[in-house]
Amino acid sequence: MSALSIEALKVQFGPVEVLKGLDLDIDSGEFVVLVGPSGCGKSTLLNIIAGLERPSAGRIEIGGRDVTRVAPKDRDIAMVFQSYALYPAMSVRKNITFGMECRGVDKADQQAAFDRVQTILQIGYLADRKPGQLSGGQRQRVAMGRALVRDPLLFLFDEPLSNLDAKLRVEMRLEIKRLHQRLSTTMVYVTHDQIEAMTLATRIAVMDGGAIQQFADPQTIYDKPENVFVARFMGSPPMNILPVLLESDAGRVFASVMEDHRALARFPLPQRIEDVGAHLGKIALLGIRPECIELGSGGPNRVMAQVEMIEPTGAETMAFLDVAGTKIVARMGPESRPSLGIAAEFSVDLRKACLFDATTERRIA
Amino acid sequence: MANDSTLSRTTRYAFVYPVLIGFALFFLVPLLVVVLNSFRTFQEISQTSVLGWPRAWHWHNWSEAWGGYCFAGVCSGIHPYMWNSLLIAVPATILSTLLGAINGYQLALWRFRGDSVAFAIITFGVFLPAQMKLVPWAISLRALHLSNTLSGLVLIHVIGGLSFTTLFCRNYYVNIPQDLIKAARVDGAGWFVTFWRIVLPLSAPILIVTVIWQFTNIWNEFLFGITFSEGANRPVTAALMALDANIAQAREYGVESAAVLLAAFPTLLVYVLGGRYFVRGLTAGSVK
């Protein structure tokens, strides 16, 4: 069953198109993350799903019911906000039960619902405190409690972890994931953090410029990005994009890294990329993940690169390289320590490489 | 170095404090003269001058000013007029503060097309001189049959005060995160419930500021009071004028002094009770 279905959704502020005719279909029980840079329209989309903003055109269905013109409170949704948005003058208990009070739920049911939520989140001991007396993590829990208590068809999260420090963020991320596994309610989660997107989502919608660039499961997004934007946005450090000349030789496709009309390196592309059609003989963009580049001459595909900077992080070493004028990053084992400022030989693993059209930046293979 | 700075600090204090104390005295002398005269008898003042220490401390002027002295032909002292002022200032303060809070809430947290224009027009009233509004109010009060009534003056002060209270409240509410309103909408709280249950409980600092501001201004207001009221309906500021206008006899400086001090007392009291919130409220912005 479809939990949320969006058709041809448009939002326009004067001449500015914030959302350009967007379609999205989310199955029941999914955890969908909307991710993208700031200004991509992801928060606007979430606000429209919640009913807090009006679309200029389009249609929204929640649980099979057309809610395009329905008020937020009648959409059977709950929302967790970035700033938590706890009511400062109310106790934790009041914060959580306020929605039920507004809807006229009777006292005994309110109490039962509160008890259920406080056991799930272990916030019973905070019941009589005011939000001002809580730590960041506790506020976050209360904000989730306020959403949980509603037992909605759809949970909406608006960057709920971005106000927390790094350690707490990782903890709460796990907790949200656990919560989803336990409740299996449909969740829509907005973030600009691609790691949150990768770790939490069953499917990710990568947004840019008011449109969804790709909507797929995390591994597909990572391994088979639809275009250069998705390739560079997902993954940290981002995917390396090298301009290459495509040639065919003895039934295989070769990608040559050119420098002054001369091939600096010539890579045979993997078997799955055997038909590049009209792109043959032209420049295309070769996408290589940083972890597919290693120091040394261990592999079959080698290239000389100037080492400009290295960043050891303990678990791994990042090397910032220059290949024929293109800056790339290699993510290597911690023991790899190339010398700065000189050219060194690197091996490239091309099994997962992607190929993009040089002008449209769409994926060829 | 340490020696240098201690030396300069001592000289600085030796210079700064006498200057500050000198200015303070300079400002306080008129008040002192009024206070002293309120305790001196008529004979004492007329035989010597308005400047002088009381030979003995008499409370007669105070009781006379409060309940006995005759002006404009009525021998009731100023206490009925104090009561008038209270009947004007209290409702006008409460109403203008509440309306300002509602205006500010709408303008800051429920943005709508043209909201900044509306805000600009409302706050423009802050810069309008009172004299400009005399004739329009005279016409309006007559049309509403409120000429020479306390209700008429309440109306003037409620409307006139809206500019200030809206400005204060709107600028305070702008700091309330928009997410709070969104959360309330998802929870199903309407416009008024959100105001009453969520926004108003956060408003104590700014409401104290507007109450002090409005009460002081309305209590001390003179122009509308003297223009739009007569006889028994006068607020105390206007009544004090009549006291001054008894030219038939020699001036009762002692009674006048006591009356002025009595009339100033309520605003002083409000400031003493709420003054520290006033300074704090004007600077407090964040409610996060």
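Residues numbered from 1 in each chain as written. Chains lettered and ligands numbered in written order. Predicted model: local features only at pLDDT ≥ 70, side-chain atom pairs only at ≥ 80, totals over all residues.

### Digging into the overall build of chain A
The secondary structure content of chain A amounts to 8 helices and 20 strands. Overall size of chain A, expressed as C-alpha extent along the three principal axes, is 80 × 45 × 35 Å. The proportion of buried residues among the 365 residues of chain A is 41%. Counting contacts in chain A only where the partners sit at least 6 residues apart, residues at least 24 apart contribute 65% of the total. (Helix = DSSP H or I, 4+ residues; strand = E, 2+ residues; numbered from the N terminus. Buried ≥ 20, exposed ≤ 12 C-beta atoms within 10 Å, placed from the backbone. Contact = placed C-beta atoms within 7 Å.)

### Re the domain arrangement of chain A
By a widespread convention, an interface's size corresponds to the accessible area lost as its parts come together. All names here are of chain A. According to the domain assignment, chain A consists of domain 1 (2-233) and domain 2 (240-357). Between domain 1 and domain 2, the C-alpha centre-to-centre distance is 39 Å. Contact residues are listed per partner, giving 5 residues for domain 1 and 6 residues for domain 2. Of the residues in the side of domain 1 that touches domain 2, the class split is 3 nonpolar, 1 polar and 1 charged. (Domains from an automatic or database assignment. Nonpolar A, V, L, I, M, F, W, Y, C, P; charged D, E, K, R; others polar.)

### With respect to the sheet that holds strand β1 (residues 2-13) of chain A
Strand pairing within a sheet occurs via backbone hydrogen bonds; the two strands may be parallel or antiparallel. Residue and element names in this part refer to chain A. The antiparallel open sheet is built from 4 strands, whose spatial order is β2-β1-β4-β5. Of all the strands in the sheet, the pair left with one neighbour each is β2 (16-27) and β5 (65-66). Bridge analysis of β1 against strand β4 (residues 57-62) gives 5 bridges, and the strand direction is antiparallel. Among the inter-strand pairings, Lys 10 is bridged to a residue of β4, identified as Ala 57. (Pairing = 2+ DSSP bridges.)

### Focus on the environment of Leu 285 of chain A
All names here are of chain A. With respect to the helices and strands, Leu 285 occurs in strand β14 (residues 283-288). For the pair Leu 285 and Ile 241, spaced 44 residues apart in the sequence, the C-alpha separation amounts to 6.0 Å. Beyond its immediate sequence surroundings of up to four residues, Leu 285 is in contact with Val 228, Ile 241, Pro 243, Phe 356 and Ala 358.

### A look at the interface of chain B and chain A
Every contact between the two is made by 15 residues of chain B and, on the other side, 18 residues of chain A. Those elements that place two or more of their residues in the side of chain B that touches chain A are α8 (178-187) and α9 (191-199) of chain B. Looking at the side of chain B that touches chain A, its residues break down into 10 nonpolar, 1 polar and 4 charged.

### Remarks on unusual backbone geometry
All names here are of chain A. Look at the link from Ser 236 to Pro 237: it is a cis peptide, with omega at -5 degrees. Along the chain, Pro 237 turns up in the loop between α8 (228-233) and β11 (240-249). Unusually for a residue other than glycine, Gln 122 sits at a positive phi of about 55 degrees. Looking at the secondary structure, you find Gln 122 in the loop between α3 (107-121) and α4 (136-148). Within the chain, Asp 151 stands out as a residue other than glycine whose phi angle is a positive 50 degrees. Mapped onto the elements, Asp 151 comes out in the loop between α4 and β7 (154-158).

### Points about the sheet that holds strand β3 (residues 31-35) of chain A
Residues and elements named next belong to chain A. Taken in spatial order, the 6 strands make up an open sheet running β6-β7-β8-β3-β9-β10, and their pairing is mixed. Whereas interior strands pair on both sides, the edge strands pair on one side only; in this sheet they are β6 (77-80) and β10 (211-216). Neighbour-to-neighbour, the strand axes of this sheet turn through a mean angle of 15 degrees, independent of strand direction. Pairing of β3 with strand β8 (residues 186-191), which is carried by 5 bridges, proceeds in the parallel orientation. Following the sheet pairing, Phe 31 is matched in β8 by Met 187. α4 contacts β6 and β7 of the sheet and is inclined by roughly 175 degrees relative to β6. (Axes fitted to C-alpha atoms, helices over the stretch in contact; angles between N-to-C directions.)

### Focus on the pairing of β10 of chain A
Residue and element names in this part refer to chain A. Where strand β9 (residues 203-208) and β10 come together, 5 bridges link them in antiparallel fashion. Bridging across to β10, Ala 205 finds its partner in Phe 215. Count of turn residues in the β9/β10 antiparallel hairpin: 2 residues, of which Gly 209 carries a positive phi of about 55 degrees.

### Quick word on the domain arrangement of chain B
Domain boundaries assigned for chain B yield domain 1 (1-30) and domain 2 (75-283). The distance between the C-alpha centroids of domain 1 of chain B and domain 2 of chain B comes to 39 Å.

### Quick notes on the nonpolar core
Core analysis: the largest hydrophobic core is formed by 149 residues, its most contacted members being Val 33, Leu 34, Ile 49, Met 79, Leu 156, Val 188 and Val 206 of chain A. Ranked by residue count, the leading element in this core is helix α7 (residues 150-173) of chain B, at 11 residues. In contact with Leu 156 of chain A, other than residues within four places in its own chain, are Leu 46, Ile 49, Ala 50, Ile 77, Met 79 and Val 188 of chain A. By size, the runner-up hydrophobic cluster in this structure holds 15 residues, among which are Ala 65, Met 82, Leu 243 and Ala 263 of chain B. (Core = buried A, V, L, I, M, F, W, Y, C linked by C-beta atoms within 7 Å.)

### Section: the packing of helix α2 (residues 92-103) of chain A against α4 of chain A
Residues and elements named next belong to chain A. Here α2 crosses α4 at 25 degrees, and the two axes come no closer than 8 Å. In terms of orientation, α2 and α4 fall into the roughly parallel class. At the point where α2 passes α4, the crossing takes the right-handed sense. Two secondary-structure elements touch here, α2 through Val 92, Asn 95, Ile 96 and Gly 99 and α4 through Val 142, Gly 145 and Arg 146. Looking at side-chain class alone, the contact of α2 with α4 contains 3 nonpolar, 3 polar and 1 charged residues. (Parallel < 35°, antiparallel > 145°, perpendicular 65-115°, else oblique. Left-handed = near helix turned anticlockwise from the far one by under 90°.)

### Structural notes on the environment of Leu 126 of chain A
All names here are of chain A. Tracing the sequence through the fold places Leu 126 in the loop between α3 and α4. It is 33 Å that separates the C-alpha atoms of Leu 126 and Val 35, two residues lying 91 residues apart in sequence. When neighbours within four sequence positions are excluded, Leu 126 is seen to be in contact with Val 92, Leu 134, Gln 138 and Val 142.

### Here's the deal with the confidence of the model for chain B
Residues and elements named next belong to chain B. Averaged over every residue, the pLDDT of chain B is 86; residues scoring 70 or more account for 91%. Taken element by element, the predicted model of chain B shows its lowest mean pLDDT in strand β1 (residues 70-71) (70) and its highest in helix α4 (residues 79-109) (95). Here residues 284-288 scores under 50 on pLDDT; set against residues more than four positions off or in separate chains, the count is 8 contacts. The complex prediction reports pTM at 0.82, with the ipTM value standing at 0.84. (pLDDT = per-residue confidence, 0-100.)

### Here we look at the packing of α4 of chain B against α7 of chain B
Residues and elements named next belong to chain B. At a closest axis distance of 6 Å, the pairing of α4 and α7 adopts a crossing angle of 35 degrees. Crossing handedness for the pair α4 and α7: right-handed. Split into classes, the residues belonging to the contact of α4 with α7 amount to 20 nonpolar, 10 polar and 1 charged.

### A short note on the pairing of β4 of chain A
Note that β4 of chain A and β5 of chain A share 2 bridges and pair antiparallel. Counterpart to Glu 61 of chain A in the pairing with β5 of chain A is Asp 66 of chain A.

### Things to note about the environment of Asp 23 of chain A
Residues and elements named next belong to chain A. Within the secondary structure, Asp 23 sits in strand β2. Exposure remark for Asp 23: the 14 C-beta atoms within 10 Å place this residue in the partly exposed category. Taking the C-alpha atoms as reference points, Asp 23 and Ile 212, 189 residues apart in sequence, are found 8.2 Å from one another. If we skip the residues at most four places from it in the chain, Asp 23 touches Ile 6, Glu 7 and Ala 8.

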